[in-house]
Amino acid sequence: MTAPRIGVVMWPMQSWPEAGELWRRAEELGFRHAWVYDHIAWRGTTPWYDAYTTLAAAAAVTSRVRLGTLVTSPNFRHPVPTAHAIKTIDHVGGGRLTVGIGSGGTNRASDAGILGGDDWSADERASRFAEWVELLDRLLSRTETTFEGTYYSAREVVEGPGCVQRPRVPFVIAGNGPRGMRVAARHGTGWVTSGRAPGRRPEDVVRSRLDALDEACEAEGRRIDDRILLTGFSGEPWLESAGAFADLAGRYGELGITEIALHWPRAGTPFEARMAVFEAIAAEYGEGP
C-alpha cells in the first residue's frame, strides 16, 4: 500500500507579500497540493481574502505545487464568472489548478445568504449544487455554452482560450449524501470528505462513505482515483506528533484514502500545532523541493 500523499490548507488572512512567502514555503516543504477555502469570511472572522484572487497570486509565485479551492461555494458565485477565473488561473499556473466544489454551508457568518433572498432548503441546496457543477463542467470543456437551468443560465458563452489542462481542470467534489455522491461520480476526478459525523468514529464514517462512493461510481461507469481526507474537524491528533500522523495516515490509507489535507498551523484555534511537528511531517511525507 502506498502512503497517502499530503497537501495543506492555507489561511487567506495575511496580505501580500507576507501571504506569498507562506505559499512559497508550502511548496518548499514538499506539499503536493495547497488549498484555500472559498468564503467571504471564516465563520465571521476577518480579514479573509478572496480565494480566486489569492490562487492567481499564489500561482505566480510558485512553480510546482498544485493549487485549488477546498471548496468553491455556489452560495455567492455564479458558474460563468467562476469559469472565467478558473481558466485564467490555470494559465497563470501553467496547468496546476484543481477546483474543489461543494454545495455551500449554511452559516451566514461565512457566506450563506449573503446575497439576500430566502434561505435555501436542503433540497434546493442539493439541486443548485448539481446544476452549478453541470454548468461549470460545460463552460470549461465546450467551445460555446448556452444553458437554461432552474437556478443558473448562460447565453453564448465562448470558451476561449480554454484551460491549459484538457478537457478541463480537474474537479474535486465534496459530497457525502446520495445526491452529492452522484455529482462526484459524474463530474469528479477527485472526492473529499472530513470524516466528521456526530456520535460516530471518523474511520467508520470514512469507510461507509468510500463504499457509497464506489457504488455511485459503478452506477456511472467511472472511477475516482483521488480520495481526499480533510483533517482537523473530527478531533483526531493529526499534528500532535509525527508518530500520530504516521499512525492515522496508515489507517486511512488502508481504507482507500489517497490524499490527506492538513491545515497550516494557526495559533489560538483548533488548528494550533507546533511548526516543528508540521515541518517534520512534510519532510517525511512530502515530495521535496
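Structural data are supplied above this passage.
Residues numbered from 1 in each chain as written. Predicted model: local features only at pLDDT ≥ 70, side-chain atom pairs only at ≥ 80, totals over all residues. Heavy atoms only, no water.

> If you had to explain the packing of aromatic side chains to someone new, which residues and values would you point to?
Throughout the structure, instances matching the rule amount to 12 aromatic pairs. Through successive ring pairs, a cluster of aromatic residues spans Trp11, Tyr37, Trp42, Trp48, Phe233 and Phe271. The positively charged end of arginine 168 is found above the aromatic ring belonging to phenylalanine 171, 3.6 Å away from the centroid. The ring of tryptophan 11 has arginine 266 sitting right over it, with the charged end atom 4.7 Å from the ring centre. (Phe/Tyr/Trp six-rings, centres within 6.5 Å; stacked < 30°, edge-to-face > 60°. Lys NZ or Arg CZ within 6 Å of the ring centre and 35° of its normal.)

> Quick one: what's the story with unusual backbone geometry, residue by residue and with numbers?
Cis geometry is adopted by the peptide bond preceding proline 17, which originates at tryptophan 16 and carries an omega value of 10°. In this fold, proline 17 is placed in the loop between strand 1 (5-10) and helix 1 (18-28). In the segment running from leucine 70 into valine 71, the intervening peptide bond is cis, with an omega of 5°. Note that valine 71 resides in strand 3 (residues 66-72). Its identity is not glycine, yet arginine 43 carries a phi of approximately 50°, on the positive side. Of note, glutamate 156 is a non-glycine position whose phi angle comes to about 50°, a positive value. Of note, glutamate 156 is situated in strand 6 (residues 153-158). (Helix = DSSP H or I, 4+ residues; strand = E, 2+ residues; numbered from the N terminus.)

> Can you break down the environment of tyrosine 285 residue by residue, with the values?
Position of tyrosine 285 relative to the elements: it lies in helix 8 (residues 275-285). Judged by relative accessible area, which is 24%, tyrosine 285 ranks as partly exposed. Once the C-alpha coordinates of tyrosine 285 and phenylalanine 31 are considered, the two residues, 254 residues apart in sequence, prove to be 8.3 Å apart. (Buried < 20%, exposed > 50% of the residue type's maximum accessible area, 1.4 Å probe, protein only.)

> Quick one: what's the story with the side chain of histidine 39, residue by residue and with numbers?
With respect to the helices and strands, the residue histidine 39 is situated in the loop between strand 2 (33-36) and helix 2 (51-61). Discounting residues that sit within four places of it in the chain, histidine 39 has contacts with Trp48, Phe76, Ser110 and Asp111. (Contact = heavy atoms within 4.5 Å.)

> Could you give an account of the side chain of arginine 77, naming the residues involved and the relevant values?
Within the secondary structure layout, arginine 77 lies in the loop between strand 3 and helix 3 (79-92). Here aspartate 38 takes part through its side chain, which lies 2.8 Å from a polar atom of the side chain of arginine 77. Looking at arginine 77, its side chain comes within polar contact range of the side chain of aspartate 50, at 2.8 Å. Not counting chain neighbours up to four residues away, the residues in contact with arginine 77 comprise Asp38, Asp50, Ala51, Tyr52, Thr72, Thr82 and Trp132. (Polar contact = N/O pair within 3.5 Å; in protein donor to acceptor, adjacent residues only side chain to side chain.)

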